[in-house]
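Fold and contact review
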Amino acid sequence: MMETIIREETLKTPFVKFDSDKGVVEIKGRSIPENSIEFYKPLIDWLDKYADQPSGKTSVNIKLEYFNTSSSKCILDIFRKLELIHKKGNEVEINWYYEEDDEDMFEAGEDYQSIINIPFKMIEMED
Amino acid sequence: MGFDLNNWYKEKRQGDLILEYAGSISSDVISDTLAEFESKISESEELRRVRKKVYNVLVECLQNLYHHVDEPPKDAEIDEKDRYGAIVLSKDGTFYRVSTGNFVKKEKISSIKDRIDQVNSLTDAEVKMLYREVLNNSEFSEKGGGGLGMLDIVRKTGNKLEYNFFQVDDDYIFFALDVYIS
């Protein structure tokens, strides 16, 4: 059994829930730390282990309000780990949420989608 | 005497001054500055789209200072010398302007200039393409986004970066950057 990671949202880091039991990966809020590697490394390590025995279906919910360029590569690293899980024949569903007038967040989802070989579901949130 | 820091501030305050800070750029200062912005420009008085863009630019500019400033010259007339940087946000007409200033060693002029000129020379589509390429391929340093900061700013604002180098003394220059958001 893997430990579930839950991190509450702070001023500069998002709410995080990685639950192997349920096959849920969630990142919500703001990701604007000065040192993003410090924040994301344990999450990426967790996914490395999870990849050995993933849930039959992994649901990924990314609901970011802001993220800085320092986080952008770390988020890509998370998607890369998920891509490996997907490649091994496991179902991985990525839900990319963005606020209705936030074209920048929509495009950020498209950026990742252009690099990662998993279909993204782009979900517009209304007020 | 060439460069006058106070004149630079005066010029950047033109329009409606929203916030300014000059001193040591710490992680807490960045948090406080962002919180100040959010409290001063509420969602009711500015379009959420614009407000988000300004917030994003502030984050990138402040963290750019945090990661990259040089120590100021010894005889500079400023109080806090550790990680010294300055940031001014004003609304000038229909534009928000984020201005940053910091001291850098003279030998860095050409690399800063080359990077900005390159980003400024690109079309919107090229900026987007290059952003994806850098995101996908480059190794990032512990410090930051491996050059994504400037690209991100230009991409989100759709405007060119404006900059100046002011000679301070034989070894130092003051690097001033203006970002416009509308």
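Residues numbered from 1 in each chain as written. Chains lettered and ligands numbered in written order. Predicted model: local features only at pLDDT ≥ 70, side-chain atom pairs only at ≥ 80, totals over all residues.

Quick notes on the overall build of chain A
- A count of helical and extended segments in chain A gives three helices and six strands.
- Principal-axis analysis of the C-alpha atoms places the extent of chain A at approximately 40 × 30 × 25 Å.
- With 127 residues in all, chain A has 39% of them scored as buried. (Helix = DSSP H or I, 4+ residues; strand = E, 2+ residues; numbered from the N terminus. Buried ≥ 20, exposed ≤ 12 C-beta atoms within 10 Å, placed from the backbone.)

With respect to helix H2 (residues 69-87) of chain A
Residue and element names in this part refer to chain A.
- Here H2 spans 27 Å end to end across 19 residues, near enough to the 27 Å set by a 1.5 Å rise per residue.
- When H2 is considered as a whole, its buried residues turn out to be Thr69, Ser70, Ser71, Ser72, Lys73, Cys74, Ile75, Ile78, Phe79, Leu82, Ile85 and His86.
- Phi turns positive one or two residues past the end of H2, at glycine 89, with a value near 100 degrees. (Expected span 1.5 Å × (residues − 1).)

Focus on the nonpolar core
- Membership of the largest hydrophobic core comes to 65 residues, with the highest contact counts inside it found for Val57, Leu58, Cys61, Leu62 and Val98 of chain B.
- Setting aside its immediate chain neighbours within four residues, valine 57 of chain B contacts Val98, Ile153, Lys156, Thr157, Val179 and Ile181 of chain B. (Core = buried A, V, L, I, M, F, W, Y, C linked by C-beta atoms within 7 Å. Contact = placed C-beta atoms within 7 Å.)

Observations concerning the pairing of strand S4 (residues 57-67) of chain A
Residues and elements named next belong to chain A.
- In this structure, strand S3 (residues 24-31) lies alongside S4, joined through eight bridges in parallel fashion. What sits directly across from glutamate 26, in S4, is asparagine 61.
- Taken together, S3, helix H1 (residues 36-50) and S4 constitute a β-α-β crossover, and its handedness is right-handed.
- Judged from the seven bridges that link them, S4 and strand S5 (residues 91-99) form a sheet pairing that is parallel. (Pairing = 2+ DSSP bridges. Right-handed = clockwise from strand over helix to strand, strands pointing away.)

Quick notes on the environment of lysine 12 of chain A
- Within the secondary structure, lysine 12 of chain A is located in the loop between strand S1 (5-7) and strand S2 (15-19).
- Residue lysine 12 of chain A is classed as buried on the basis of its C-beta count, with 22 C-beta atoms lying within 10 Å.
- The spatial distance from the C-alpha of lysine 12 of chain A to the C-alpha of lysine 88 of chain A is 34 Å, given a sequence separation of 76 residues.
- Contact partners of lysine 12 of chain A, with chain neighbours within four places excluded, come to Arg30, Ile32 and Pro33 of chain A together with Ser31 of chain B.

A closer look at the sheet that holds strand S2 (residues 84-92) of chain B
All names here are of chain B.
- Taken in spatial order, the five strands make up an open sheet running S1-S2-S3-S5-S4, and their pairing is antiparallel. Because the sheet does not close on itself, it has two edges, and the strands there are strand S1 (16-24) and strand S4 (162-167). Strand-to-strand twist of the sheet, defined as the mean angle between neighbouring strand axes without regard to direction, takes the value 15 degrees.
- Pairing of S1 with S2, which is carried by eight bridges, proceeds in the antiparallel orientation. Bridge pairing in S2 places glutamate 20 opposite valine 88. (Axes fitted to C-alpha atoms, helices over the stretch in contact; angles between N-to-C directions.)

Some details on the interface of chain A and chain B
- Across the contact, 18 residues belong to chain A and 23 residues belong to chain B.
- Ranked by residues supplied to the side of chain A that touches chain B, first place goes to H2 of chain A with five residues.
- Each residue belonging to the side of chain A that touches chain B can be placed in one class, and the counts come to six nonpolar, five polar and seven charged. (Nonpolar A, V, L, I, M, F, W, Y, C, P; charged D, E, K, R; others polar.)

Notes on the pairing of strand S6 (residues 120-125) of chain A
Residues and elements named next belong to chain A.
- Counting buried positions over the six residues of S6 gives zero, only a small fraction of the element.
- As paired elements, S5 and S6 share six bridges and run parallel to each other. The partner of isoleucine 94 across the bridge, within S6, is phenylalanine 120.

Regarding the sheet that holds S2 of chain A
Residue and element names in this part refer to chain A.
- Taken in spatial order, the six strands of this open sheet run S1-S2-S3-S4-S5-S6, and their pairing is mixed. Each end of this open sheet is capped by a strand with a single partner; those strands are S1 and S6. On average, adjacent strands in this sheet sit at an angle of 15 degrees to one another, irrespective of strand direction.
- H2 contacts S3, S4 and S5 of the sheet and is inclined by roughly 170 degrees relative to S4.

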